[in-house]
Structure formats: C-alpha cells, structure tokens
Amino acid sequence: MNNTDPVSGYQTYDQPQPPGHGRPGRDQAASRRIALAVCTIADVAAGFLGLWIVLYLLDANQGNPFVEFVHRMADWLSGWAQDIFTMDTEGLRVVLNYGLPAVIYLLIGHGIAARLNRA
C-alpha cells in the first residue's frame, strides 16, 4: 500500500491537483473575502439609513443618544442626496431622501460583490 495519507480519500498537500478541482486559488479566495466585505459595508450603510427612517416615522425621542447617533450616521451617509426631494409631507421627504441612498448603496455594493465573485 503506497498511500501515506492518514485518512484515505484525502489528498495530501504535496500532490498536485488537476485544474478546476479542489480548493479555489488564493486570488479567488481573496476576491470572495473582499466581496463579502463590500457586501457587509453596503448592508450596514443601508441598515443605518433604514433604521433612521423607521425611528423618524415612529417619532423616536430625538434627545436619546442612540437616536442621535443613528441620525448623525444617516445624515453622513446620505449627505450627497440631501434634499433631492422636497415635499410638503415631512415623512415622505425623509423616506425618499434617506431611502434612495439606501437602495443605491445596496445595488452598487451587491453589484460589485457579484462581479468580484465571478472573477
């Protein structure tokens, strides 16, 4: 018996693998980790924006430190989209001005992640 592998059926590190078989290469694994990071960042950004919309619509206490933190983060994340929509209805204005950046972050983040996963 020639197999020195302690568990039969497992390939040892010194044996070459045929192309397309086994673990993905280092570049592919790195791009998957980057894709996961991009997805996570986009999800967190959209989460802050969505949380601020919910807190605003539920008339959360603006003096609460947590509500203030979420509001500051949402303002920072949507600074480029502030007052794109100017409505008389304040609730609708908040939903559109914070919701649009959330959707854009999700679309761009997940699009980049999908592109990296295909590479």
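Residues numbered from 1 in each chain as written. Predicted model: local features only at pLDDT ≥ 70, side-chain atom pairs only at ≥ 80, totals over all residues. Heavy atoms only, no water.

With that settled, consider the overall build of the chain. In terms of helices and strands, the chain carries 3 helices and 0 strands. Element order for the chain, N to C, with α for helix and β for strand: α-α-α. Across the chain, the fraction of contacts at a sequence separation of at least 24, relative to all contacts at a separation of at least 6, is 53%. (Helix = DSSP H or I, 4+ residues; strand = E, 2+ residues; numbered from the N terminus. Contact = heavy atoms within 4.5 Å.)

A contiguous nonpolar surface patch, about 290 Å² in accessible area, is contributed by Trp80, Ile84 and Leu100. Structurally, tryptophan 80 is set in the loop between helix 2 (65-77) and helix 3 (90-118). Overall, tryptophan 80 belongs to the partly exposed group, its relative accessible area being 48%. (Patch = residues over 30% accessible without salt bridge, like charges linked within 9 Å, V, L, I, M, F, W, Y side chains within 5 Å. Areas by Shrake-Rupley, 256 points an atom, 1.4 Å probe, with all protein chains shown as cover. Salt bridge = Lys/Arg side-chain N within 4 Å of Asp/Glu carboxyl O. Buried < 20%, exposed > 50% of the residue type's maximum accessible area, 1.4 Å probe, protein only.)

To continue, consider the packing of aromatic side chains. With the rule as written, the count across this model stands at 4 aromatic pairs. Residues phenylalanine 48 and phenylalanine 69 carry aromatic rings whose centres are separated by 5.8 Å and whose planes lie at 75 degrees to one another, so their mutual orientation is edge-to-face. With phenylalanine 48 in helix 1 (residues 26-57) and phenylalanine 69 in helix 2, the pair connects residues that are 21 residues apart, well separated along the chain. What links up through ring pairs into an aromatic cluster is the set Trp52, Tyr56 and Tyr98. (Phe/Tyr/Trp six-rings, centres within 6.5 Å; stacked < 30°, edge-to-face > 60°.)

We now examine the nonpolar core. Among the nonpolar cores identified, the biggest contains 15 residues, and Leu49, Trp52, Leu55, Val67, Ala74, Leu77 and Tyr98 are the most heavily contacted of them. Sorting the residues of this core by element identifies helix 1, helix 2 and helix 3 as the ones contributing at least two each. Broken down by element, this core gets its largest block of residues, 7 residues, from helix 1. When near neighbours in sequence (up to four residues on either side) are disregarded, tyrosine 98 contacts Leu49, Trp52, Ile53, His71, Ala74, Asp75, Ser78 and Gln82. (Core = buried A, V, L, I, M, F, W, Y, C linked by side-chain atoms within 4.5 Å.)

Our next topic: the side chain of serine 78. Positionally, serine 78 belongs in the loop between helix 2 and helix 3. Setting aside its immediate chain neighbours within four residues, serine 78 contacts Leu49, Asn97, Tyr98 and Pro101.

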